[in-house]
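Residues per chain, in single letters:
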Amino acid sequence: MSKLGRRKFLLYGSTGLAASLFLKGCAGGSETSSTGTDTSSTTASSGSGDTIKVGILHSLSGTMAISETTVVDAEMLAIDEINAAGGVLGKQIVPVKEDGASDWPTFAEKATKLIDKDQVVTVFGCWTSASRKAVLPVFESKKHMLWYPVQYEGQECSNNIFYTGAAPNQQIEPAVDWLLENKGKEFFLVGSDYVFPRTANTIIKEQLKAKGGTTVGEDYLPLGNTEVTPIITKIKQALPNGGVIFNSLNGDSNVAFFKQMQGAGLTADKYPVMSVSIAEEEVRQIGTEYLKGHYAAWNYFQTVESPANNTFVKAFKDKYGQDRVTNDPMEAAYIMVYLWKQAVEAAGTTELEAVRKAAVGQEFDAPEGKVKMFPNHHISKTVRIGQVRDDGLFDIVSATDGPVDPIPWNQYVPETKGYACDWSDPNKGGKYKI
């Protein structure tokens, strides 16, 4: 990674106050209510008529609403832009929204409804790996298509999912390397208690072993839990002289964590924190005063300088308000709608198998930089490390020179080392030995 500079920072923490956010409805004549009747389902899925129905499945309520409602805004922006430019194959996109409600069985139920009742041609959805794992059997059994926009733990490669967030080698691993080089070799791992943080921390522990680092502690909170005092106490005990905190908490647990970190006096000169689920929107919701100086690893920040990003940020603010911010999952959600559109137009149809094949190789001049869909159904992505500044945006302190190819099966974990994925070759498929 090429270093673009380093700054000292103050690390702030937390006390009390949970945050939750409920999405205000996105206006637009093309949207279909999830509870209403619509007789165009069959024509939308078959490609006849003048509309194409797609599903949008995210948490609009519950602990994950603080993060997921914003990606819905980004998906709706892309859909509105595409419709205004003539649609897909000359047809208007009709989004059908469903609320996963931060509940994994609900995600599976709503995914089934979108496919069977609404007859959508694809689904854009999920945030947590728990929600993705819950809907995966639905998409596998029905051979349908999910576009998933959030960085995740890897160790998965489905023919029915297109992943536009980062694989671990495009976020977690470079973040660990940067911390080892710049902040220290003793790590305390804290995360939410579900598949992403636990698998991510398994990868981190193996990486630290290989790179000469040490894991001095590891603790988890159930999603939505704000009882972070025991974790703060363990951090102090495990790192009495300071060290690195790697944070994979999700949702509004982060509110209590960062405020109580500050209340405990754990400052950045001794306890630098790297987050992989805190971005501009979460900073805005939690409060810049608690996050200033913290680090985050992503592929996109609002402060990326490029014509494509300037256009994206302006369009988003023009639609939703000048006080709104963009972030990595929103950008990944925005570009996945365009990648799907390009695949449909390349296939000349919304038929699932044709679109699946046409999606591989699609390129897009994204706000984060040029991306390309690989045969493993993941995209190439530039890696960036950012530091929260006074206005709640991120100074980019380090970045790769260009896009990094995706590696879904982790090469540090012994069980998956040496494996790869290639859906363009039926003899290889989702997991084969290199």
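Placed above this text is the structure.
From a predicted model like this one, the values you see are computed outputs, not experimental measurements. (Residues numbered from 1 in each chain as written. Predicted model: local features only at pLDDT ≥ 70, side-chain atom pairs only at ≥ 80, totals over all residues. Heavy atoms only, no water.)

1. Looking at the overall build of the protein
Alright, step 1. The helix and strand tally for the protein stands at 13 helices and 17 strands.
Alright, step 2. Counting over 434 residues, the protein shows a buried share of 61%.
Alright, step 3. The contacts in the protein between residues at least 6 apart in sequence include a share of 71% that link residues at least 24 apart.
Alright, step 4. A total accessible area of about 15300 Å² is found for the protein, and carbon and sulfur atoms account for 50% of it. (Helix = DSSP H or I, 4+ residues; strand = E, 2+ residues; numbered from the N terminus. Buried < 20%, exposed > 50% of the residue type's maximum accessible area, 1.4 Å probe, protein only. Contact = heavy atoms within 4.5 Å. Areas by Shrake-Rupley, 256 points an atom, 1.4 Å probe, with all protein chains shown as cover.)

2. A word on the sheet that holds strand S4 (residues 123-125)
Alright, step 1. Taken together, five strands build an open sheet; the order of strands is S3-S2-S4-S5-S6 and the sheet is parallel. Strands with a single pairing partner mark the edges of an open sheet, and in this sheet they are strand S3 (92-99) and strand S6 (161-163). In this sheet, neighbouring strand axes are inclined to one another by 25° on average, regardless of whether the strands run parallel or antiparallel.
Alright, step 2. With three bridges connecting them, strand S2 (residues 51-58) and S4 associate as parallel partners. Residue Ile56 lies in a different strand from S4, and its bridge partner there is Phe124. (Pairing = 2+ DSSP bridges. Axes fitted to C-alpha atoms, helices over the stretch in contact; angles between N-to-C directions.)

3. A word on the pattern of salt bridges
Alright, step 1. Scanning the model with the defined rule gives 24 salt bridges in all.
Alright, step 2. The partner of Asp323 in a salt bridge is Arg284, and the shortest N-O contact between them spans 3.9 Å. Linking Asp323 in the loop between helix H11 (307-320) and helix H12 (328-347) with Arg284 in helix H9 (residues 280-286), this pair joins segments that are 39 residues apart in sequence.
Alright, step 3. We classify Asp323 as exposed; its relative accessible area is 54%.
Alright, step 4. What emerges from the salt-bridge pattern is a single network uniting Glu98, Lys110, Lys113 and Asp118. (Salt bridge = Lys/Arg side-chain N within 4 Å of Asp/Glu carboxyl O.)

4. With respect to the packing of helix H2 (residues 65-84) against H12
Alright, step 1. Axis separation between H2 and H12 bottoms out at 8 Å; the angle between their running directions is 35°. In terms of crossing hand, the pair formed by H2 and H12 is right-handed. Across from Thr70, Val71, Ala74, Glu75, Leu77, Ala78, Ile79, Glu81 and Ile82 in H2, the residues of H12 making contact are Pro329, Met330, Ala333, Tyr334, Met336, Val337, Tyr338 and Lys341.
Alright, step 2. Across the contact of H2 with H12, the residue classes tally to 13 nonpolar, one polar and three charged. (Left-handed = near helix turned anticlockwise from the far one by under 90°. Nonpolar A, V, L, I, M, F, W, Y, C, P; charged D, E, K, R; others polar.)

5. Re the packing of aromatic side chains
In this description, an aromatic ring pair is defined by two values, namely the gap between the centres and the angle between the planes.
Alright, step 1. Under the counting rule described, the total for this entry stands at 14 aromatic pairs.
Alright, step 2. Between Phe257 and Phe258, the ring centres sit 5.4 Å apart and the planes meet at 75°, which makes this aromatic pair edge-to-face. No difference in accessibility class separates Phe257 from Phe258, as the two residues are buried.
Alright, step 3. What links up through ring pairs into an aromatic cluster is the set Tyr300, Phe312, Tyr334, Tyr338 and Phe364.
Alright, step 4. Above the face of the Tyr220 ring, Arg198 is positioned so that its terminal group lies 3.9 Å from the ring centre.
Alright, step 5. Positioned above the aromatic ring of Trp409 is the side chain of Lys431, whose terminal nitrogen or guanidinium carbon lies 4.7 Å from the ring centre. (Phe/Tyr/Trp six-rings, centres within 6.5 Å; stacked < 30°, edge-to-face > 60°. Lys NZ or Arg CZ within 6 Å of the ring centre and 35° of its normal.)

By themselves these figures say nothing about function.
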